[in-house]
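Listed here are the chains, written in short residue letters.
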Amino acid sequence: MSDSEDFNARVIEEFRANEGKVGGFFADKDLLLLHTVGARSGEARIHPLVCMEEDGKLYIIASAAGSSKHPAWFHNLVANSIVDIEIGTERFQANAVIAGEPERSSLYAKAAVTYRFFKEYEEKTAGIRTIPVILLNRL
């Protein structure tokens, strides 16, 4: 198991043991568990992610901490947009929709005000890639 897989496993365990609340980096943030199916492998995957809500819309950001590439889970969403979401103690299915402009920029800017690290990630990727914002529409 890689370090990131081990880290995610610990976050997932803590999330489920504490009704969606975790400590460390995620202590003061809203968090969800995104369940995807691997685009190539077909294997089930779970990803703990910071989430935001705007006008009743739940959304996540495919920042990959400012990497030059989209996170693997983003490619899974492109291949299969129907996902399971765990938030708090609730679990539901959603359709993941990549936000278009100008909605993407508006939502990203709001997230960057709430969580400064998103602004830093955007600066790291300037000219390399546009960081996607994904709306999670409950089914």
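Read on for an overview of the structure. Worth saying up front: this structure is predicted, and the values here are computed from it rather than measured.

1. Concerning the side chain of Lys29
Note that Lys29 resides in the loop between α1 (3–17) and β1 (31–37). Judged by its relative accessible area of 14%, Lys29 is buried. Sequence-distant contacts of Lys29, defined by excluding residues within four places in its chain, comprise Val50, Tyr115 and Phe117.

2. Topic: the pattern of salt bridges
Scanning the entire structure with this criterion turns up nine salt bridges. The closest approach of N and O atoms between Arg45 and Glu43, which form a salt bridge, is 3.4 Å. Here Arg45 falls in the partly exposed class, since its relative accessible area comes to 32%. In this structure, the salt-bridge partner of Glu103 is Lys57, at a minimum N-O distance of 2.9 Å. Note that Glu103 is positioned in helix α3 (residues 103–114) and Lys57 in strand β3 (residues 57–61), a separation of 46 residues in sequence.

3. Observations concerning the sheet that holds strand β4 (residues 82–87)
Ordered by their spatial adjacency, six strands build a closed barrel running β1-β2-β3-β6-β5-β4, and the pairing between neighbours is antiparallel. Neighbour-to-neighbour, the strand axes of this sheet turn through a mean angle of 45 degrees, independent of strand direction. Where β4 meets strand β5 (residues 90–98), six bridges bridge the pair, whose relative direction is antiparallel. Note that in β5 the partner of Glu86 across the bridge is Arg91. Across the sheet, helix α2 (residues 72–79) touches β1, β2 (44–54), β3, β4, β5 and β6 (133–138), and the angle it forms with β1 is around 55 degrees.

4. A look at the packing of α3 against helix α4 (residues 116–125)
Direction vectors running N to C along α3 and α4 enclose 125 degrees, while the axes themselves pass 4 Å from each other. Viewed along their axes, α3 and α4 adopt a mutual orientation that is oblique. From α3, Arg104, Tyr108, Ala111, Ala112 and Thr114 reach across to α4, where they touch Arg116, Phe118, Lys119, Tyr121 and Glu122. Considering only residue class, the contact of α3 with α4 consists of five nonpolar, one polar and four charged.

The rules we used
Position numbers for residues count from 1 along each chain, tracking the sequence in the order it is written. Per-residue local features of the predicted model are confined to residues with pLDDT of at least 70, and side-chain atom pairs are confined, for both listing and counting, to 80 or more; whole-chain, interface and lining totals are unaffected and use all residues. Think of the side-chain values as coming from all heavy atoms in the structure, minus any hydrogens and water. Helix and strand assignments come from DSSP, with helices taken as H or I runs of at least 4 residues and strands as E runs of at least 2, each series counted from the N terminus. Burial classes: relative accessible area under 20% of the type maximum marks a residue as buried, over 50% as exposed, and values in between as partly exposed (1.4 Å probe, protein chains only). Residue contacts are counted whenever heavy atoms from the two residues lie within 4.5 Å of one another. A pair is scored as a salt bridge if a Lys or Arg side-chain nitrogen falls within 4 Å of a carboxyl oxygen belonging to Asp or Glu. Only when DSSP finds a minimum of two bridges between them are two strands counted as paired. Throughout, an axis means a line fitted to C-alpha atoms (over the contacting stretch in the case of helices), and angles, computed between N-to-C directions, take values from 0 to 180 degrees. Every angle not falling under 35 degrees, over 145, or within 65 to 115 is termed oblique; those three ranges are roughly parallel, roughly antiparallel and roughly perpendicular. Under the convention adopted here, Pro, Cys and the residues Ala, Val, Leu, Ile, Met, Phe, Trp and Tyr are nonpolar, Asp, Glu, Lys and Arg are charged, and Gly plus all remaining residues are polar.

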